[in-house]
Amino acid sequence: MKNNIKNMTLTAMFLAIGMVLPIFTGQIPQIGNMLLPMHLPVFLCTLVCGWKYGLPMAFVLPLFRSTVFGMPPMYPIALAMAFELAAYAFVAGFLYERSRWQCLKALYGCLLAAMAAGRAVWGTAQFVLLGIGGNAFTFQAFIGGALLNAVPGIVLQLILVPAIMMALDRTKLVPFKRAAEKAQRPAAN
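Residues numbered from 1 in each chain as written. Predicted model: local features only at pLDDT ≥ 70, side-chain atom pairs only at ≥ 80, totals over all residues. Heavy atoms only, no water.

Description of the overall build of the protein chain
Move 1: Secondary structure assignment for the protein chain yields nine helices and zero strands.
Move 2: In sequence order, the secondary structure elements of the protein chain are arranged as α-α-α-α-α-α-α-α-α.
Move 3: Projected onto the principal axes, the alpha-carbon positions of the protein chain cover approximately 55 × 30 × 30 Å.
Move 4: The proportion of buried residues among the 189 residues of the protein chain is 43%.
Move 5: Long-range contacts, defined here as pairs at least 24 residues apart, represent 69% of the contacts in the protein chain between residues at least 6 apart.
Move 6: Element-wise, carbon and sulfur atoms account for 73% of the exposed surface of the protein chain, whose accessible area totals about 10,200 Å².
Move 7: Positive and negative side-chain charges in the protein chain, numbering 14 and 4 respectively, have mean positions lying 2 Å apart. (Helix = DSSP H or I, 4+ residues; strand = E, 2+ residues; numbered from the N terminus. Buried < 20%, exposed > 50% of the residue type's maximum accessible area, 1.4 Å probe, protein only. Contact = heavy atoms within 4.5 Å. Areas by Shrake-Rupley, 256 points an atom, 1.4 Å probe, with all protein chains shown as cover. Lys, Arg positive; Asp, Glu negative; His and termini not counted. Charge placed at Lys NZ, Arg CZ, Asp CG, Glu CD.)

Okay, structure coming up:
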C-alpha cells in the first residue's frame, strides 16, 4: 500500500513536470518540437514507477495538456502523441522491468526499443487520424516527423534519462536491481 501511494505521488509529479516543461521550450515552437519535452517525464515515470503507472500518465499527458493549454492541438497532434507516449511507456517499462539486470546497458536497450516502437505507433496513429480527416500522411512526413526533426530530442533523451537514472542509483533513491535481487523478491509485488 505504501509503495502504491509513493508511485501515485511520483506519477502525479511527473505529470505536472510534463505539463510545465514544454512551456520552457515552447516559446520557440521549432525548438520545442525538436527537444520533445513531454517525452522525458514519461520515460522517467515509467522507469521509476513501472509501466503500470507510466502508461496511463503517458496517454493522458498530451490530452490533458491540450485541454488545459491548447497545445499541442488536440487533433491530430495530441491524439497521436497520446498513443506514441503510451507506447514509449509500455515498451520501456515492460522491457526494463523484465531485464535480467537493471543497468545502463539494459536501460539503453529499453530506451531504443521504446523509441522505435513509439515512433511506429505515432506514424500509424497519424496515418489513421489524418486518413479519417480526408488528409494524407506520407512516408516523407513520417521520416521528417519521427526521425529528422526529432534527432535533438532523441539525443537529449539518450543523455538525460540514463544520467538521471544513474544519479538515482548512486543516491540509492531508485537503485538498479540485479539478477540476484530479483530472484529473492517475492512473486507478488
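From this point, the narrative continues.
Some remarks on the nonpolar core
Move 1: The biggest cluster of nonpolar side chains holds 35 residues, and the ones touching the most others in it are Val42, Phe43, Val161 and Met165.
Move 2: Residue assignment for this core shows that the elements contributing at least two residues are α1 (2-25), α3 (39-49), α4 (51-69), α5 (74-97), α6 (104-132) and α8 (151-170).
Move 3: It is α3 that provides the largest number of residues to this core, a total of eight residues.
Move 4: Beyond its immediate stretch of four places on either side in the chain, Val161 contacts Leu40, Phe43, Leu44, Leu47, Leu111 and Leu156.
Move 5: Within the second largest apolar cluster, eight residues are counted, among which are Ala80, Leu129, Leu130 and Phe137. (Core = buried A, V, L, I, M, F, W, Y, C linked by side-chain atoms within 4.5 Å.)

Observations concerning the pattern of salt bridges
Move 1: Using the criterion set out here, one finds one salt bridge in the structure.
Move 2: Taking the shortest distance from any N to any O, the salt bridge between Glu97 and Arg98 comes out at 3.1 Å. (Salt bridge = Lys/Arg side-chain N within 4 Å of Asp/Glu carboxyl O.)

Overview of the side chain of Gln126
Move 1: Within the secondary structure, Gln126 sits in helix α6.
Move 2: Among all residues touching Gln126, those that are not within four sequence positions of it are Pro76, Ala80, Gly131 and Phe137.

Observations regarding unusual backbone geometry
Move 1: Cis peptide bonds are those with omega within 30 degrees of zero, and the linkage from Met71 to Pro72 qualifies with -5°.
Move 2: In this fold, Pro72 is placed in the loop between α4 and α5.
Move 3: Following Tyr75, the chain continues to Pro76 via a peptide bond in cis, the omega torsion being -5°.
Move 4: In this fold, Pro76 is placed in helix α5.
Move 5: Positive phi outside glycine occurs at Leu36, with the angle close to 50°.
Move 6: Secondary-structure assignment places Leu36 in the loop between α2 (29-35) and α3.
Move 7: Overall, the relative accessible area of 12% leaves Leu36 in the buried class.
Move 8: One non-glycine residue, Lys172, lies in the positive phi region at around 65°.
Move 9: If you trace the backbone, Lys172 turns up in the loop between α8 and α9 (179-184).
Move 10: Take Lys172: its relative accessible area is 59%, and that puts it in the exposed class.

Details of the packing of α3 against α4
Move 1: Where α3 contacts α4, the axes come no closer than 7 Å and their chain directions differ by 160°. As judged from the angle between their axes, α3 and α4 are roughly antiparallel. Viewed along their axes, α3 and α4 form a crossing whose handedness is right-handed. Residues Pro41, Val42, Cys45, Thr46 and Cys49 of α3 pack against Trp51, Tyr53, Gly54, Met57, Ala58 and Leu61 of α4.
Move 2: Across the contact of α3 with α4, the residue classes break down as nine nonpolar, two polar and no charged. (Axes fitted to C-alpha atoms, helices over the stretch in contact; angles between N-to-C directions. Parallel < 35°, antiparallel > 145°, perpendicular 65-115°, else oblique. Left-handed = near helix turned anticlockwise from the far one by under 90°. Nonpolar A, V, L, I, M, F, W, Y, C, P; charged D, E, K, R; others polar.)

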